[in-house]
2 protein chains.
Amino acid sequence: MSINLTRQALYLQVYDSLAQRIASGMWKPGPPIPNEVDLAREFGVSPGTLRKALDLLEERRLVERRQGRGTFVLDHATEELTFRFVNVFDANDERIVSTQTTVLSQGIGEATQVECNQLEAAKGEKVLRTRRVRDHRGRPISYEEASITVGRLSGLEREPNPPSDYLIVPFAQQHGIRLGRATEKITHLSASSEVARLLRVKRGTQLLKLDRVVYSISGEPVEWRIALCNLAGGYYVAAMR
Amino acid sequence: MSINLTRQALYLQVYDSLAQRIASGMWKPGPPIPNEVDLAREFGVSPGTLRKALDLLEERRLVERRQGRGTFVLDHATEELTFRFVNVFDANDERIVSTQTTVLSQGIGEATQVECNQLEAAKGEKVLRTRRVRDHRGRPISYEEASITVGRLSGLEREPNPPSDYLIVPFAQQHGIRLGRATEKITHLSASSEVARLLRVKRGTQLLKLDRVVYSISGEPVEWRIALCNLAGGYYVAAMR
DNA sequence: GCGAATTTGTGCGTATGTATT
DNA sequence: TAATACATACGCACAAATTCG
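Residues numbered from 1 in each chain as written. Chains lettered and ligands numbered in written order. Predicted model: local features only at pLDDT ≥ 70, side-chain atom pairs only at ≥ 80, totals over all residues. Heavy atoms only, no water.

### Comments concerning the environment of Gln113(A)
Residue and element names in this part refer to chain A. Put simply, the rule reads: Starting at the N terminus, helices and strands are each numbered in turn, a helix being any DSSP run of H or I of at least four residues and a strand any DSSP run of E of at least two. Exposure categories follow from relative accessible area, calculated using a 1.4 Å probe and restricted to protein chains: below 20% of the type maximum is buried, above 50% is exposed, and the middle band is partly exposed.
Positionally, Gln113 belongs in helix H5 (residues 113-119). Residue class for Gln113 comes out exposed when judged on its relative accessible area of 54%. For the pair Gln113 and Pro221, spaced 108 residues apart in the sequence, the C-alpha separation amounts to 15 Å.

### Here's the deal with the nonpolar core
Our working rule: Side-chain atoms within 4.5 Å link the members of a nonpolar core, which is a set of buried Ala, Val, Leu, Ile, Met, Phe, Trp, Tyr and Cys residues. We call two residues in contact whenever any of their non-hydrogen atoms come within 4.5 Å of each other.
Core analysis: the biggest nonpolar cluster contains 58 residues, and Leu179(A), Tyr236(A), Leu179(B) and Tyr236(B) have the highest contact counts within it. Residues within four places of Leu179(A) in sequence aside, it is in contact with His76(A), Arg84(A), Phe85(A), Ile168(A), Val169(A), Ala172(A), Val214(A), Tyr215(A), Ser216(A), Ile217(A) and Val222(A).

### Brief notes about the sheet that holds strand S9 (residues 221-229) of chain B
Quick note on the threshold: Any two strands are treated as partners once DSSP identifies two or more bridges connecting them.
The eight strands lie next to each other as S3(A)-S10(A)-S7(B)-S8(B)-S9(B)-S6(B)-S5(B)-S4(B), forming an open sheet whose pairing is antiparallel. Of all the strands in the sheet, the pair left with one neighbour each is strand S3 (88-89) of chain A together with strand S4 (100-110) of chain B. Alignment of strand S6 (residues 139-149) of chain B against S9(B), held across seven bridges, turns out to be antiparallel. Within the sheet, the bridge partner assigned to Ser147(B) lies in S9(B) and is Trp224(B).

### Describing the interface of chain A and chain B
Our working rule: When two components associate, each loses some accessible surface as probed by a 1.4 Å sphere; the sum of these losses over both components is called the buried area. Within this document, salt bridges are pairs made up of a side-chain nitrogen of Lys or Arg and a carboxyl oxygen of Asp or Glu, the two lying within 4 Å of each other. The definition of a polar contact used here is a pair of N or O atoms within 3.5 Å, where within protein one atom must be able to donate a hydrogen and the other to accept one, and adjacent residues in sequence count solely through side-chain atom pairs. Amino acids are sorted into nonpolar (Ala, Val, Leu, Ile, Met, Phe, Trp, Tyr, Cys and Pro), charged (Asp, Glu, Lys and Arg) and polar (every other residue, Gly among them).
Of the residues lining the interface, 26 residues belong to chain A; the matching set on chain B comes to 26 residues. Between chain A and chain B the total buried area reaches about 2300 Å² when both faces are included, carbon and sulfur atoms providing 59% of it. It is His188(A), Met240(A) and Arg241(A) in chain A that bury the most area against chain B; as a group they hold 31% of the surface buried on that side. Taken together, chain A and chain B are joined by zero salt bridges. Inspection of the chain A/chain B interface yields ten residue pairs in polar contact (both at pLDDT 80 or more). Secondary structure elements with two or more residues in the side of chain A that touches chain B: strand S7 (179-190), strand S8 (206-216) and strand S10 (235-240) of chain A. Element by element, the count of residues in the side of chain A that touches chain B is highest for S7(A), at nine residues. Looking at side-chain class alone, the side of chain A that touches chain B contains twelve nonpolar, seven polar and seven charged residues. In terms of strand pairing, S7(A) meets strand S10 (residues 235-240) of chain B through five bridges, oriented antiparallel. Paired with Ala182(A) across the two strands is Met240(B), which belongs to S10(B).

### So, unusual backbone geometry
In this structure, Ala232(A) takes a positive phi of about 50 degrees despite not being glycine. Looking at where Ala232(A) falls in the secondary structure, it is placed in the loop between strand S9 (221-229) and S10. Even without a glycine there, the phi angle at Asp93(B) is positive, about 65 degrees. Checked against the element boundaries, Asp93(B) lands in the loop between strand S3 (88-89) and S4. For Asp93(B), a relative accessible area of 48% translates into the label partly exposed.

### Let's talk about the pairing of S9(A)
Residue and element names in this part refer to chain A. A large share of S9 lies buried, amounting to nine of its nine residues. One ladder, built from eight bridges, connects S8 with S9; its direction is antiparallel. The partner of Asp211 across the bridge, within S9, is Ile226. A loop of four residues connects S8 with S9, the two strands running antiparallel in sequence, and Gly219 in this loop sits at a positive phi of about 100 degrees.

### Let's talk about the pattern of salt bridges
Residues and elements named next belong to chain B. On inspection of all chains with the given rule, the structure shows 36 salt bridges over all chains. For Arg66, the salt bridge identified is with Glu64, shortest N-O distance 3.6 Å. Its relative accessible area of 38% is what places Arg66 among the partly exposed residues. As a salt-bridge pair, Arg152 and Glu220 come within 3.8 Å of each other at their nearest N and O atoms. Of the two residues, Arg152 sits in the loop between S6 and helix H6 (168-174) while Glu220 sits in the loop between strand S8 (206-216) and S9, which places them 68 residues apart along the sequence.

### Topic: the sheet that holds S7(A)
In space, the eight strands of this open sheet follow the order S4(A)-S5(A)-S6(A)-S9(A)-S8(A)-S7(A)-S10(B)-S3(B), with antiparallel pairing throughout. For this open sheet the edge positions go to strand S4 (100-110) of chain A together with S3 of chain B, each flanked by a neighbour on one side alone. Relative to strand S5 (residues 126-136) of chain A, S4(A) is paired through ten bridges, and the arrangement is antiparallel. Across the sheet, Val103(A) pairs through a bridge with Arg132(A), a residue of S5(A).

Listed below in structure tokens is the structure:
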């Protein structure tokens, strides 16, 4: 290569370009993206450099590569990817994938101080707040309060009626954002009378409190959520590396 | 390269050789290992292939590479690596790194049915069991029951007095094993009178139950541990990708 | 303070292996 | 079987970081 005046390695620049094509919807799940040789030629880089960019796309779950078939944009609306930030399992070792939700309230407002901290948002930024109760196998399982940074989901600002039963992973994907990681703080507490009523348990029942922030692949916080969860014989699973 | 009669890719074979040198203690933390060109020559592979093997060693935290300096074997006895499977923080956001432990009992025996399941051990395999109470800032913070597969830690069988206050990560390293990942199941429960006494809390106090299995880099379970933890204003943190 | 030597990081180009269609 | 696409491997050149005289 010639002299590198740019701050970024070439394969990282290629990564950005490819990621942009996926975020913009130019490449969608379904058909394979162009093959490596063609892409390398198009970007004017060597096949090895392009492969390194694809390695990164794969690691960040933007694409999936299959030898002999091609490279495919991943659909984050699959069960595997959608529920990967949901670590609660019921007593039968089944992941709690809420089928039904009851929305208590929803609205857009300016971020509070706490929301600004959790979401790394500037003062005055808009957030979409949703309060709901999730059911699992016909039983209310959790009460949730979630806040989403409106500005980071492209097009959300202009949506008249955002879905109140959204699941954050596919919801973000629909707005050009793939999620990369999340952290969750876990404590336990006693159900207040209000929450007890919503979850149909006795007041004082012990619940798990899950305080979660979900980040985009590029590292921005997208959703902050607090869930009060009635484990009822189930458990939470954490995986560490 | 010539025909590939082996099942494994060349860079994976090289990885195994390098990993073996670290496990055996031939290469230790401290001085850098030989440079990439020399290693490639020694193994009779191209620099690119050797680099791919090193990439894997780095990803699995066996080595650390620094441009201009060299490649170094990682010491898992550092705080960062030792406590990476400890996700409990106190009310001041400080990780709970137990300074003091009181051992209640320790001994070697044949694995029970449950231990065989958790540790993927054969019937009759030996396990080292330790019961202890951990302190944090002068307060008892958790009661633990741990079982270790004796056969998977080299030399442990012949140790007359295994340390009762071991920390699993450096302890495994001392026996030629680096740990790769862990999973932890979390529930809450009320303290029994016995546990309440040990943790100096009232009977019935809510505790977090942490049921953890730690795996070696090669994927074998090494330790199964149950901890009953008095959060006392603290919290558990899970990170997801 | 500077330049040479050393070591890893990035990039190029090519050939061949292997899985899929 | 043939064509296609990703996977592995080779070898070389130069960039960037670090160390040391």
